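Breakdown of the fold
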Amino acid sequence: MSTDNSSKPAEASAGAASSNPGPSENGEDEKAAVYECNICLDTAHDAVVSMCGHLFCWPCLHQWLETRPQRQLCPVCKAGIGKDKVIPIYGRGNPNPQDPREKLPPRPSGQRPEPENTGGFPAFGFGDGGFQFSFGIGAFPFGIFTSSFNMSDNRPGPPQAGSPQHTEEQFLSRIFLWVAILFLFWLLIA
Amino acid sequence: MTNIAEARIRREFKEVVKSDEVAACNIKVELVNDTFNELRGEIAGPPDTPYAGGQFHLEIKIPETYPFNPPIVKFLTKIWHPNISSVTGAICLDILKDQWAAAMTLRTVLLSLQALLAAAEPDDPQDAVVAQQYKENHSIFEKTARHWTAVYAGGPKSYPDLDSKILSLKTMGFEEHQARAALSSKGWDLERATEYLIN
């Protein structure tokens, strides 16, 4: 009995002492506490309320739902909860209210980059490059040789325009051009 | 996101320190370092249980993903309980595993652990030997749990008969805790405990 009596005033005085730094400030603290997010325990921002009446910051609740996508339960009372089962709250102070559920950028969905080709199939990748590489070596000197031969040769000048030889040469050059294009095209798709 | 964990622990720490349970010396939390990722908890053994009168210390580790994942808690004080390992102090409690919810706090965790001491779940055991004893020989279990509380958690002194059995094993050259654990798991049968220790 006596201990009970002595402890009660002590508790009361401790309570009074804690509320000493300004009664109005403390009152506002308590008011704000009613609007604390149940996850971060801070005043809820981008607030949403669940069907069971529990208040959260949308970012906090979103992360909770992401943590357990298979078991979406209210963190307070374990009622069913989900993105479409919460209501955004718009206070008057907010000049342009926007649904917080749309504000939060949805997290990028998981991607699965292919593993790098280091040792997995080295022959495959390298062989492909090797083919193109050898083509380059084969064609390049050939081109140089032909051009240099052209330089050194005393070739006869071009035939007169309109002569049968001219049209024949034009026809041949066109055929070679098409063959070259077809060859390049074949290289591209091969 | 790590900042959420720290900010929350700061707030919770204040909450626990201010709470009525601390005033009643039921639960307590202390910081281990400045980073708020490791704490020491303390709970009082609930009255009318074999743990009454004891103070049990807990190691609380806060993961970076707290409060979205539960804190990692284990008993530092040795305890004889079906849901707590008598060797490692590991705890089997649903809210510390899949039943965790982000709105739970250090305060609710400590109070849940206190409730676990008062109401064991022998069908979901962490320590199979203790759980078996709890179910099959409950009076021996209670006596053992009370003895462990007295020795490791500062509970009221009890059972000189158990102490004398430990002493006789000690004179045979066994270490005290080893002797106590062997006797406890063998229902305080000196012969079986000796046999167990020799093998």
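Definitions and limits used
- Residues numbered from 1 in each chain as written.
- Chains lettered and ligands numbered in written order.
- Predicted model: local features only at pLDDT ≥ 70, side-chain atom pairs only at ≥ 80, totals over all residues.
- Heavy atoms only, no water.
- Helix = DSSP H or I, 4+ residues; strand = E, 2+ residues; numbered from the N terminus.
- Contact = heavy atoms within 4.5 Å.
- Areas by Shrake-Rupley, 256 points an atom, 1.4 Å probe, with all protein chains shown as cover.
- UniProt positions renumbered as here; feature names shortened; annotations may be inferred.
- Axes fitted to C-alpha atoms, helices over the stretch in contact; angles between N-to-C directions.
- Parallel < 35°, antiparallel > 145°, perpendicular 65-115°, else oblique.
- Left-handed = near helix turned anticlockwise from the far one by under 90°.
- 1 Å grid on protein atoms, 1.4 Å probe; cavity = no way out; pocket = protein on both sides within 12 Å on 5 of 7 lines; lining within 4 Å.
- Points joined across faces, edges and corners; volume = space filled by probe spheres on them.
- Nonpolar A, V, L, I, M, F, W, Y, C, P; charged D, E, K, R; others polar.
- Salt bridge = Lys/Arg side-chain N within 4 Å of Asp/Glu carboxyl O.
- Polar contact = N/O pair within 3.5 Å; in protein donor to acceptor, adjacent residues only side chain to side chain.
- Patch = residues over 30% accessible without salt bridge, like charges linked within 9 Å, V, L, I, M, F, W, Y side chains within 5 Å.
- Expected span 1.5 Å × (residues − 1).
- Buried < 20%, exposed > 50% of the residue type's maximum accessible area, 1.4 Å probe, protein only.
- Arc of directions from axis to C-beta.
- Core = buried A, V, L, I, M, F, W, Y, C linked by side-chain atoms within 4.5 Å.
- Domains from an automatic or database assignment.
- Phe/Tyr/Trp six-rings, centres within 6.5 Å; stacked < 30°, edge-to-face > 60°.
- pLDDT = per-residue confidence, 0-100.

Topic: the overall build of chain B
For chain B, the helix and strand inventory stands at eight helices and four strands. Reading the helices (α) and strands (β) of chain B from amino to carboxyl end gives α-α-β-β-β-β-α-α-α-α-α-α. Pairs at least 24 apart in sequence give 53% of the contacts found in chain B among residues at least 6 apart. Summed over all atoms, the accessible surface of chain B reaches about 9600 Å², with 51% contributed by carbon and sulfur.

Examining the UniProt feature "domain: UBA" (unreviewed entry) in chain B
As recorded in UniProt, the sites labelled "domain: UBA" (unreviewed entry) are residues 161-199 of chain B. When the span residues 161-199 of chain B is considered, its composition is 77% helix and 0% strand, and the gap between its end C-alpha atoms is 25 Å.

Examining the packing of helix H6 (residues 160-171) of chain B against helix H7 (residues 176-185) of chain B
Residue and element names in this part refer to chain B. One way to put it is that H6 packs onto H7 with a least axis distance of 9 Å and a crossing angle of 125°. Viewed along their axes, H6 and H7 adopt a mutual orientation that is oblique. At the point where H6 passes H7, the crossing takes the right-handed sense. Within the contact between the two elements, H6 uses Lys165, Ile166, Leu169 and Lys170 and H7 uses Glu176, Ala179, Arg180 and Leu183.

Focus on the layout of surface pockets
Residues and elements named next belong to chain B. If you add up the space inside the second largest pocket, you get close to 250 Å³. Mapped by element, the contributors of at least two residues to the lining of the second largest pocket are H7 and helix H8 (190-198). For the lining of the second largest pocket, the leading source of residues is H7, giving five residues. Split by residue class, the lining of the second largest pocket holds eight nonpolar, four polar and three charged.

Concerning the interface of chain A and chain B
Facing the 15 residues of chain A at the interface are 17 residues of chain B. In this structure, the connection of chain A to chain B is made through one salt bridge. Connecting chain A to chain B are six residue pairs in polar contact (both at pLDDT 80 or more). Partitioning the side of chain A that touches chain B into residue classes produces seven nonpolar, three polar and five charged.

So, a nonpolar patch on the surface
Together, Phe183(A), Phe185(A), Trp186(A), Leu188(A) and Ile189(A) line one region of the surface with nonpolar side chains, adding up to about 610 Å² of accessible area. Take Ile189(A): it is sitting in helix H6 (residues 164-189).

Description of helix H3 (residues 106-118) of chain B
Residue and element names in this part refer to chain B. Compared with the 18 Å implied by 1.5 Å per residue over 13 residues, the 19 Å span of H3 between its first and last C-alpha is a close match. Looking at H3, one finds that the buried residues are Leu106, Val109, Leu110, Leu113, Gln114, Leu116 and Leu117. Buried positions in H3, seen along its axis, are confined to an arc of 155° and lie on one side of it.

What to know about unusual backbone geometry
Backbone phi values are negative for most residues with the exception of glycine, while trans is the configuration of most peptide bonds. Residue and element names in this part refer to chain B. Geometrically, the link from tyrosine 66 to proline 67 is a cis peptide bond, its omega value of 0° lying close to zero. The topology assignment puts proline 67 in the loop between strand S3 (55-61) and strand S4 (72-75). Non-glycine residue phenylalanine 36 carries a positive phi angle of around 60°. Inspection of the secondary structure puts phenylalanine 36 in the loop between strand S1 (27-31) and strand S2 (38-44).

Describing the nonpolar core
Ranked by size, the top nonpolar core spans 58 residues in total, and within it Leu61(A), Trp64(A), Ile43(B), Phe75(B), Ile91(B), Leu106(B) and Leu113(B) carry the most contacts. Looking at this core, you find at least three residues from each of domain 1 (2-118) and domain 2 (128-198) of chain B. Residues within four places of Trp64(A) in sequence aside, it is in contact with Ile39(A), Leu73(A), Pro75(A), Phe68(B), Trp100(B), Ala101(B) and Ala102(B).

Re the packing of aromatic side chains
Residues and elements named next belong to chain B. Under the definition given, this model contains seven aromatic pairs over all chains. Their ring planes at 70° and their centres at 4.8 Å tell us that tyrosine 134 and phenylalanine 141 sit as a pair that is edge-to-face. Residue classification places phenylalanine 141 among the buried positions, given a relative accessible area of 3%. Counting every residue linked through ring pairs, the aromatic cluster contains Tyr51, Phe56 and Phe75.

Considering the confidence of the model for chain A
All names here are of chain A. Averaged over chain A, the pLDDT score is 69; the fraction of residues at 70 or greater is 52%. Helix H1 (residues 2-18) is the least confidently modelled element of chain A, averaging 39 in pLDDT, while strand S2 (residues 55-57) averages 92, the highest of any element. Overall, residues 1-25 carries pLDDT values under 50, and its contacts beyond four positions in sequence, including any with other chains, amount to one contact. Below pLDDT 50 for its whole length, residues 122-138 participates in four contacts with residues either more than four positions away or in separate chains.

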